[in-house]
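Structural features, examined
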Amino acid sequence: MIALSVNNLTVTYDKQPALENVSFAVPEGSLTGIIGPNGAGKSTLIKSILQLLPTLSGSVEVFDEPYKKQKKIIGYVPQRSEVDWDFPTNALDVVLMGRYRHIGWFKRANKKEIEWGKTCLAKVGMADYANRQISQLSGGQQQRVFLARALAQDARIYFMDEPFAGVDAATEKAIIQLMKDWKSEGKTVLVVHHDLQTVEDYFDHVLLLNKTPIQYGETQKVFTLSNLERAYGGKIAFLDKSPVVPQGAE
């Protein structure tokens, strides 16, 4: 079953193309890495799918329904750099924000919802930080709180924008495990990712993007030297079967 269908999506910034005619279809229960050089439109793609950015043309369907009808089954983990970490709130309150679509924006979380939020924090090793102000957390801890919020959403499709950026090894391991757990539950995950050497280990599908799709499909078929050279516009060396981007290409 197709979980996500993107059809001829085009996005412009100041009349300059950021994405052009992007089309691809993601099967349910897959882990997809969105790969491409800086400026390729990877984050723009996720935000336009989620209607956080206006589009010039195109459409998005989630399980054969328009995106607007399926918002409740979508989870989103933004880049940490886009979050105001000085906002006066604690870790548990951030996690409970993931429940607003279920309990209503103007209703207080009940005891059951609060316990579920604590459970989600515990799953990412943050149970002891429930009442800690988010500004007092390390970068890895902040990312774990956002993972817990995504868990609280109990979505069917998750979008993650550079979740591994600037995190410690323990947090990276927690993210990978969470992605695998979601996949084992039949959920669908799309991740903006920049480390080419881990792509084959983390993802079963890959979208190679440079403003337009280079290729999308199963990792073993798409993640090839020739496709990477097309995406990054230069020679790419392979060390131990892992591609290395030439200096300045990323």
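Right, let's walk through the structure included here. This is a predicted model, so every value here is computed, not measured.

Turning next to the overall build of the chain. Within the chain, the regular secondary structure consists of nine helices and 12 strands. With the principal axes as the frame, the chain shows a C-alpha extent of 55 × 40 × 35 Å. Relative to its full complement of 250 residues, the chain shows a buried share of 50%. Summarising the internal contacts of the chain: among those between residues at least 6 apart in sequence, 66% fall at separations of at least 24. For the chain, the computed accessible surface area is about 12300 Å², with 47% contributed by carbon and sulfur atoms. Each charge class in the chain was averaged separately, 29 positive and 28 negative side chains, and the resulting centres sit 6 Å apart.

Spatial ordering of the open sheet is given by 2-1-4-5, a layout of four strands whose pairing is antiparallel. Each having just a single partner strand, strand 2 (16-27) and strand 5 (65-66) make up the two edges of the open sheet. By the bridge criterion, two bridges tie strand 4 (residues 57-62) to strand 5 in an arrangement that is antiparallel. Residue Glu61 lies in a different strand from strand 5, and its bridge partner there is Pro66.

Of note, His193 is situated in the loop between strand 8 (188-192) and helix 7 (199-202). Look at His193 and you get buried, because its relative accessible area is 2%. Reaching out from His193, the side chain makes a polar contact with the side chain of Thr198 at a distance of 2.7 Å. Not counting residues up to four positions away in its chain, the partners in contact with His193 are Ile34, Ile35, Lys42, Glu162, Phe164, Thr198, Val199, Tyr202 and Phe203.

Before going further, it helps to spend a moment on the environment of Asp195. Residue placement: Asp195 occurs in the loop between strand 8 and helix 7. The exposure class assigned to Asp195 is partly exposed, which follows from its relative accessible area of 29%.

Between helix 5 (residues 139-153) and helix 6 (residues 169-184), the shortest axis-to-axis distance is 10 Å and the interhelical angle comes to 15°. With respect to helix 6, the axis of helix 5 lies roughly parallel. Considering the relative orientation of helix 5 and helix 6, their crossing is left-handed. Residues Gly140, Gln143, Arg144, Leu147, Ala150 and Leu151 of helix 5 form the contact with helix 6, whose own contacting residues are Ala170, Thr171, Ala174, Ile175, Leu178 and Trp182.

Turning our attention to the nonpolar core. With 46 residues, the main nonpolar core has Leu121, Val145, Met160, Met179, Trp182, Val189 and Leu208 as its most contacted residues. Among the elements that make up this core, the one with the highest residue count is helix 5 (seven residues). Those residues in contact with Met179 that lie beyond four places of it in its chain are Leu31, Met160, Phe164, Val189, Val191, Tyr202 and Phe203. Counting 28 residues, the second largest nonpolar core, distinct from the first, contains Leu19, Phe24, Leu45 and Ile73.

Before going further, it helps to examine the pattern of salt bridges. For the structure shown, the criterion picks out four salt bridges. For the salt bridge of Glu185 with Lys187, the shortest nitrogen-to-oxygen distance reads 3.6 Å. A relative accessible area of 13% places Lys187 in the buried class.

Calculation notes
Residues numbered from 1 in each chain as written. Predicted model: local features only at pLDDT ≥ 70, side-chain atom pairs only at ≥ 80, totals over all residues. Heavy atoms only, no water. Helix = DSSP H or I, 4+ residues; strand = E, 2+ residues; numbered from the N terminus. Buried < 20%, exposed > 50% of the residue type's maximum accessible area, 1.4 Å probe, protein only. Contact = heavy atoms within 4.5 Å. Areas by Shrake-Rupley, 256 points an atom, 1.4 Å probe, with all protein chains shown as cover. Lys, Arg positive; Asp, Glu negative; His and termini not counted. Charge placed at Lys NZ, Arg CZ, Asp CG, Glu CD. Pairing = 2+ DSSP bridges. Polar contact = N/O pair within 3.5 Å; in protein donor to acceptor, adjacent residues only side chain to side chain. Axes fitted to C-alpha atoms, helices over the stretch in contact; angles between N-to-C directions. Parallel < 35°, antiparallel > 145°, perpendicular 65-115°, else oblique. Left-handed = near helix turned anticlockwise from the far one by under 90°. Core = buried A, V, L, I, M, F, W, Y, C linked by side-chain atoms within 4.5 Å. Salt bridge = Lys/Arg side-chain N within 4 Å of Asp/Glu carboxyl O.

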